[in-house]
Amino acid sequence: MHTHPYGDSDLDPRPRSPARIGPYEVFQLLGEGGMGQVFLARSPGSRLVALKVIRPEYAEAPNFRGRFRREAGAARRVSGFFTPPVLDADADAPQPWLATAYVPAPSLHDVVARFGVLPEAALRALGTGLAEALPAIHDAGIVHRDLKPGNVLVTEDGPRVIDFGISSAVDATQVTRTGAVMGTPGFMAPEQIVSSRDAGPAADIFSLGCVLVFAATGHGPFGSGGTAEILYRAVHHPPRLDGVPAALRPLVSACLDKDPARRPPAASVLAALGPADPAALLTDGLREDLARRRAHAAVLVAAPPVPMTPLAPPDATVPGGPSRRRFLWIAGAGTTVAAGGGVAALAGWRSQPGGSKDPGDGKGTTGRPQPKIAAGPDPRWTTPLKKLSSAQLDLLGDTLVHWEQQKAIAYDTTTGKQSWTGSPRPPSDVSTDPKWLGVRGSLLFAAAWSGERGYLIGVDAAGRQKFTHTLTEQGTDARSTGFAGFVDSILSVAGSVAVVGTSGDKGYGVLAVDLGSGKVLWSRAVKGSDFQAYADGGLCFLQDNGTLRGLGLRSGAERWKVRDVVRPGAYPHLSTDGRTLLVTSTKAQAFRVTDGKKLWTAVNETTTISAARVRGERAYLYDGQGTVFALDMRSGEQVWHTPSPVGLTTTGGARDQGPAVSASVVAIATYAAGDVPGFIVLRASDGKPLWAHRPSGGRADGENDGKSGFKEAWLLQISGSTLFAASDTTLHAFQSDTP
C-alpha cells in the first residue's frame, strides 16, 4: 500500500477522514492504495499510530477476515529494531483495520527524489537494516511481498520496513477473486509475477536487491514503461546495474537471480555488506526534514482531544439528493480536520483545494468541507468499452483510440460507434504479437521484435497499416552482444521524423527515423531509463539523467546542453510552443529553444507537477496540492491559478499527459482512490470551475459498484467543443464548454 509519511509537504489534507476508527482519534489521511487507506491517528494513551483500513471489497470476500486475523496475529509477533511494531487490529470491524507505531520519517523514495541517490556507505547502511528486518518478518511466518522504496522509511538510526502486516491476506484474496497478483512492478520477484503462491522469503531478497538498485541509481533494475513491459523484463531480462557501486554489484546481482534457490539468505546479505554506520544515510537536508517531522508529531501528541460529532449515516434521507448526503458526511468528518484547526496550523499543513491558499506560500491553514460544484451535462452519446489494462485514450484525427499494449480499438468521434480493432501484420520472422505504443501525430504506432530485428509499425486513422520499418538489428550495436534492441516507446513525431526509445542488453537508447523511407537518421545511447525526448520543428529536445540537450532533428548534432535541470530519479515532461521549451517536474522551467538559455522558473514546489499542455501562448498544468495554473509562455507569470474544489489525479511517469485543453476549457481527471472517479472542467480564460462529472456511487457508468475494487482515473481528450471521457467501462462525449 502506498503511504505518504507525515510531513508538511507529504500530507493529503482533504477533509475525507472519519472522526474515529475503533478507539483511535483520526487526524489525517496519509495515503491510499490498492489495499485501502492509511490514516494518521492517536491512541487513547496519546500514542501516534499509522492506521491501515482495508477496502470494503476485500472485507466482503469469502475467508478474508479469517486470513486477515491470522496475518495480523503473526504481524504482532514481529519484533525487530528495523520494523515498527504492530499494536492492534480488528478483523471484525465493518472495514478491518490494523494499527502500527507511527514513524515520523520520509520514505526512501522521497529521500532519493529530494536529496539524491545514496553513496556506497549509505547503501551498506540501508542494506544491513533491510537484511535485519526481513528475518524478523520471515520468522513470524510472513512474506512481505511488497518491499519497495515507498515501504522503507529512513530514520536517524537506520531504515524501517513498513506494511508487512496484511499483504498475504489481501494477496490471497486478490488471487482468488481475479487471478491478479498484488505487488509493485519493478520490485517483484519473477516467481511472484508468475504465481504469487510461489513467493517465499527469497522473493523479499529479490525485492531487497531492487531497492538497493533504486537507492543507488534513482530507478529500478528493470527500467520504466508500461506495467506488462516492466514485468516481462523482470522475468526474462537481466537487471540493469549501471550506477551500482562496483563493490556491491556481485551481491546485488546475486539477490536478483531469477532462480530463488540461488539467491543468498538474509544472513549472507548482512555478512557481505559488513559493519555499517546508520549515520551514513544522513545528509544535512534529511536531518532537517526529520527534525521538522518530529516537531509535527510532538504537536499532534500534545493537542487537545477532538470532540466527537455524530456522522450522518450513509443512507440518510437528506434533501438535495446524493450530493447533499455526501456533503453532510464530509462536514461531520471535517470535525477531525478542523479540530484540528490549531493542530493543522501548528503542524504546517498546507490548505487544500477550496481553501484560501496562496500557491507556494507553504503556510498552514485549516481544512474545510469541499464546496459544491455544478453537475455536468448529459453526454451526447455513450458507448460501452471493453476492459483494458492500463488503458490510454488518444485522438487520431476524427477517431478515438482506446488502447493498451496488447489491444487497440477505434471509435468514431461523431457517433461513438466502434470503427475498427487494430490488427497489425508483423513481419514473418516475428512470432509474438506486436505491442501498441500510442498515437503521435497522424499515426498509431506499434512495435514488434523477432530477436534479430526490432520493428516500428504505423497505422492510420482508418486502421490501415502504412509501413513496417526495421529500426534495430542484431549485431549492429557495438555495445550489444546478444539480441536486437527492443523498440520500447514512440516519444515524439515532428513532420516525417519520429523519435523512438529503445532498450537492449547493454542499456537504453534514443533514435530518429524518417517515417517515409524507414531510414534511421541517428541513434544515441542514454544513461538512464527515465529519459524523455520531444521533437518540434527542426529540433529534438532530449532529457537524460538531468541534462537537457537541443539536437538537430534529422542530424542528431548537439546544438546546446544544460546540466542539472532536474534531480536524478525525477521524471520530467517536455512541451513547447515553438519558441520556448517547458520542462515540468517539481517546478516549471522554461528554456529558449535556439540556444537553451534559461528564461524563467514558475510553480516551484515540493510536490510533483503534471505534464503541461501548451495552447497558444499559455501552458496549463496542475500541482500535487490540487491547484490548476495557466502560465504565460513568454514571461512565466501566472495568468490565473485556481484551487480545485475536488481532488485531482496525478498519474506521474510517462503516462501523465497533463490536462486536456481546448480554446475554451481545461479538463482534469479527479481523485480516483477512495472517492468515485470523475473529472472537472474549468474555463480556460480565467480558471473558473464550470462543472464536474462525479457519478453518484458510480453505478450509472460502472466506474465503482462497491465490489469491483480500485478504479483507474478517467481518460480525457478534447476536440473542438466536445470532451471525450473514458472510465473503466464506458466512453462518453460531452459538450465541453457548458457554463
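Because the structure is predicted, anything quoted here is derived from the model rather than measured.

Things to note about the overall build of the chain
Right, on to step 1. The secondary structure content of the chain amounts to 12 helices and 40 strands.
Right, on to step 2. Residue burial in the chain is summarised as follows: out of 739 residues, 57% are buried.
Right, on to step 3. Long-range contacts, defined here as pairs at least 24 residues apart, represent 55% of the contacts in the chain between residues at least 6 apart.
Right, on to step 4. In the form shown here, the chain has an accessible surface area of approximately 28,300 Å², with 51% of it arising from carbon and sulfur atoms.

Some words on the state of the cysteines
Right, on to step 1. The final tally for this structure, using the stated rule, is 0 disulfides.
Right, on to step 2. Residue Cys-210 stays outside any disulfide, its sulfur separated by 9.4 Å from that of Cys-255, the closest cysteine.
Right, on to step 3. For Cys-210, a relative accessible area of 0% corresponds to the buried category.

Remarks on the packing of helix H4 (residues 120-138) against helix H10 (residues 266-273)
Right, on to step 1. Between H4 and H10, whose axes approach to 9 Å, the crossing angle comes to 160°. Considered as vectors, H4 and H10 are oriented roughly antiparallel to each other. For the element pair H4 and H10, the recorded crossing hand is left-handed. Between H4 and H10, the contacting residues are Arg-124, Gly-127, Thr-128, Ala-131, Glu-132 and Pro-135 on the first element and Ala-266, Val-269, Leu-270, Ala-272 and Leu-273 on the second.

Here we look at the nonpolar core
Right, on to step 1. With 72 residues, the main nonpolar core has Leu-108, Leu-118 and Leu-126 as its most contacted residues.
Right, on to step 2. Discounting chain neighbours no more than four positions away, the residues touching Leu-108 are Leu-118, Leu-126, Pro-149, Val-152, Val-154, Val-211, Phe-214 and Ala-215.
Right, on to step 3. With 16 residues, the next largest nonpolar core counts Val-497, Ala-512, Phe-531 and Ala-533 among its residues.

Remarks on the confidence of the model for the chain
Right, on to step 1. When pLDDT is averaged along the chain, the result is 80, and 78% of the positions lie at 70 or above.
Right, on to step 2. Long-range and interchain partners of residues 1-17, a stretch whose pLDDT sits below 50, account for 91 contacts in this model, where long-range means more than four residues apart.
Right, on to step 3. Contacts for the low-pLDDT stretch residues 308-370, under 50 throughout, to residues beyond four places or in other chains number 108 contacts.

Observations concerning unusual backbone geometry
Right, on to step 1. Notably, Arg-145 is not glycine yet its phi reads approximately 75°, a positive angle.
Right, on to step 2. Tracing the chain through its elements places Arg-145 in the loop between H4 and strand E7 (152-155).
Right, on to step 3. A relative accessible area of 15% places Arg-145 in the buried class.

As for the packing of helix H3 (residues 108-115) against helix H7 (residues 201-217)
Right, on to step 1. One way to put it is that H3 packs onto H7 with a least axis distance of 9 Å and a crossing angle of 20°. Taken together, the axes of H3 and H7 lie roughly parallel to each other. Viewed along their axes, H3 and H7 form a crossing whose handedness is left-handed. Packed against H3, whose contacting residues are Leu-108, His-109 and Val-112, the element H7 presents Val-211, Phe-214 and Ala-215 at the interface.
Right, on to step 2. In terms of residue class, the contact of H3 with H7 is built from 5 nonpolar, 1 polar and no charged.

Some thoughts on helix H11 (residues 284-302)
Structural remark: α-helix, 3.6 residues per turn; residues separated by three or four positions point the same way.
Right, on to step 1. Counted at 1.5 Å a residue, the expected span for H11 with its 19 residues is 27 Å, and the 28 Å between its end C-alpha atoms agrees.
Right, on to step 2. Of the positions making up H11, those classed as buried are Leu-286, Asp-289, Leu-290, Arg-293, His-296, Ala-297 and Leu-300. Axial view of H11: buried residues confined to an arc of 120°, hence all on one face. Exposed side chains of H11 directed beyond 90 degrees from the buried face belong to Asp-284, Glu-288 and Ala-302.

Section: the UniProt feature "binding site: ATP" (unreviewed entry) in the chain
Right, on to step 1. The UniProt record annotates "binding site: ATP" (unreviewed entry) at Lys-52.
Right, on to step 2. For Lys-52, the position within the fold is in strand E4 (residues 48-54).
Right, on to step 3. Side chain to side chain, Lys-52 and Thr-100 meet in a polar contact 3.3 Å long.

Topic: the sheet that holds strand E9 (residues 381-384)
Right, on to step 1. One open sheet holds the 4 strands; their spatial order is E9-E40-E39-E38, and the pairing between them is antiparallel. Edge positions in the sheet fall to E9 and strand E38 (715-719), since each of these pairs with one other strand and no more. Within this sheet the neighbouring strands show an average axis-to-axis angle of 15°, counted without direction.
Right, on to step 2. Pairing analysis gives 5 bridges linking strand E39 (residues 722-726) to strand E40 (residues 730-735), with the strands arranged antiparallel. Residue pairing in the sheet places Phe-724 in a bridge with Ala-733 of E40.

Let's talk about the pattern of salt bridges
Pairing between side chains of opposite charge can happen when their charged atoms approach one another.
Right, on to step 1. Taken as a whole, this structure holds 31 salt bridges when the rule is applied.
Right, on to step 2. Between Asp-259 and Arg-262 there is a salt bridge whose closest N-O contact spans 3.4 Å.
Right, on to step 3. Between Arg-579 and Asp-577 there is a salt bridge, with its nearest N and O atoms 4.0 Å apart.
Right, on to step 4. Within this structure, Arg-114, Asp-289, Arg-292 and Arg-293 form a network of salt bridges that share partners.

Some words on the sheet that holds strand E5 (residues 86-90)
Right, on to step 1. Taken together, 6 strands build an open sheet; the order of strands is E1-E2-E3-E4-E6-E5 and the sheet is antiparallel. Each edge of the open sheet is held by one strand with a lone partner, namely strand E1 (20-21) and E5.
Right, on to step 2. Pairing geometry for strand E3 (residues 36-42) and E4, over 7 bridges, is antiparallel. Looking at the pairing, Gln-37 lines up with Val-53 of E4.
Right, on to step 3. Along the sheet, H11 makes contact with strand E2 (24-32), E3 and E4, crossing E3 at roughly 70°.

Regarding the pairing of strand E15 (residues 443-449)
Along a regular strand, successive side chains alternate from one face of the sheet to the other.
Right, on to step 1. Here E15 lies mainly inside the structure; 6 of its 7 residues are buried.
Right, on to step 2. Counting the residues that bridge the hairpin from strand E14 (residues 435-440) to E15 gives 2 residues, and of these Gly-441 lies at a positive phi of roughly 65°.
Right, on to step 3. Bridging between E15 and strand E16 (residues 453-459) involves 6 bridges; their strand directions are antiparallel. Residue pairing for E16: Leu-444 is matched across the bridge by Val-459.

Some words on the pairing of strand E22 (residues 532-536)
Right, on to step 1. Relative to strand E23 (residues 539-544), E22 is paired through 5 bridges, and the arrangement is antiparallel. By the bridge assignment, Ala-535 is partnered in E23 with Cys-540.
Right, on to step 2. Remark: 2 residues form the turn of the hairpin made by E22 and E23, two consecutive strands paired antiparallel; Gly-537 in that turn has positive phi of roughly 60°.

Re helix H8 (residues 227-236)
Right, on to step 1. For H8, the full list of buried residues reads Glu-229, Ile-230, Leu-231, Arg-233 and Ala-234.
Right, on to step 2. For H8, the secondary structure elements touched by its buried residues are helix H6 (190-194), E14, strand E18 (486-494), strand E19 (497-504) and strand E20 (507-514).

Examining the packing of aromatic side chains
Right, on to step 1. Applying the stated criterion across every chain yields a total of 12 aromatic pairs.
Right, on to step 2. Judged by centre distance (6.0 Å) and plane angle (5°), the ring pair of Phe-206 and Phe-222 falls under stacked. A residue pair is termed long-range when its members are at least 10 positions apart, and Phe-206 in helix H7 and Phe-222 in the loop between H7 and H8 qualify at 16 residues.
Right, on to step 3. You can call Phe-222 buried: its relative accessible area is 2%.
Right, on to step 4. When the centroid spacing of 5.6 Å and the interplanar angle of 70° are considered together, the rings of Phe-679 and Phe-734 count as edge-to-face. Taken together, the residues span a long stretch of sequence, with Phe-679 in strand E36 (residues 678-683) and Phe-734 in strand E40 at a distance of 55 residues.
Right, on to step 5. One aromatic cluster is present, formed by Phe-679, Trp-691, Trp-714 and Phe-734 through successive ring pairs.

Some thoughts on the side chain of Thr-584
Right, on to step 1. The topology assignment puts Thr-584 in strand E27 (residues 580-584).
Right, on to step 2. Only 3.2 Å separates the side chain of Thr-584 from the backbone oxygen of Ser-610, close enough to count as a polar contact.

Some details on the environment of Leu-400
Right, on to step 1. Mapped onto the fold, Leu-400 is located in strand E11 (residues 399-403).
Right, on to step 2. When neighbours within four sequence positions are excluded, Leu-400 is seen to be in contact with Trp-381, Leu-393, Asp-394, Leu-395, Ile-409, Ala-410, Tyr-411, Thr-413, Gln-717, Phe-724 and Leu-731.

Cut-offs applied
Residues numbered from 1 in each chain as written. Predicted model: local features only at pLDDT ≥ 70, side-chain atom pairs only at ≥ 80, totals over all residues. Heavy atoms only, no water. Helix = DSSP H or I, 4+ residues; strand = E, 2+ residues; numbered from the N terminus. Buried < 20%, exposed > 50% of the residue type's maximum accessible area, 1.4 Å probe, protein only. Contact = heavy atoms within 4.5 Å. Areas by Shrake-Rupley, 256 points an atom, 1.4 Å probe, with all protein chains shown as cover. Disulfide = S-S within 2.5 Å. Axes fitted to C-alpha atoms, helices over the stretch in contact; angles between N-to-C directions. Parallel < 35°, antiparallel > 145°, perpendicular 65-115°, else oblique. Left-handed = near helix turned anticlockwise from the far one by under 90°. Core = buried A, V, L, I, M, F, W, Y, C linked by side-chain atoms within 4.5 Å. pLDDT = per-residue confidence, 0-100. Nonpolar A, V, L, I, M, F, W, Y, C, P; charged D, E, K, R; others polar. Expected span 1.5 Å × (residues − 1). Arc of directions from axis to C-beta. UniProt positions renumbered as here; feature names shortened; annotations may be inferred. Polar contact = N/O pair within 3.5 Å; in protein donor to acceptor, adjacent residues only side chain to side chain. Pairing = 2+ DSSP bridges. Salt bridge = Lys/Arg side-chain N within 4 Å of Asp/Glu carboxyl O. Phe/Tyr/Trp six-rings, centres within 6.5 Å; stacked < 30°, edge-to-face > 60°.

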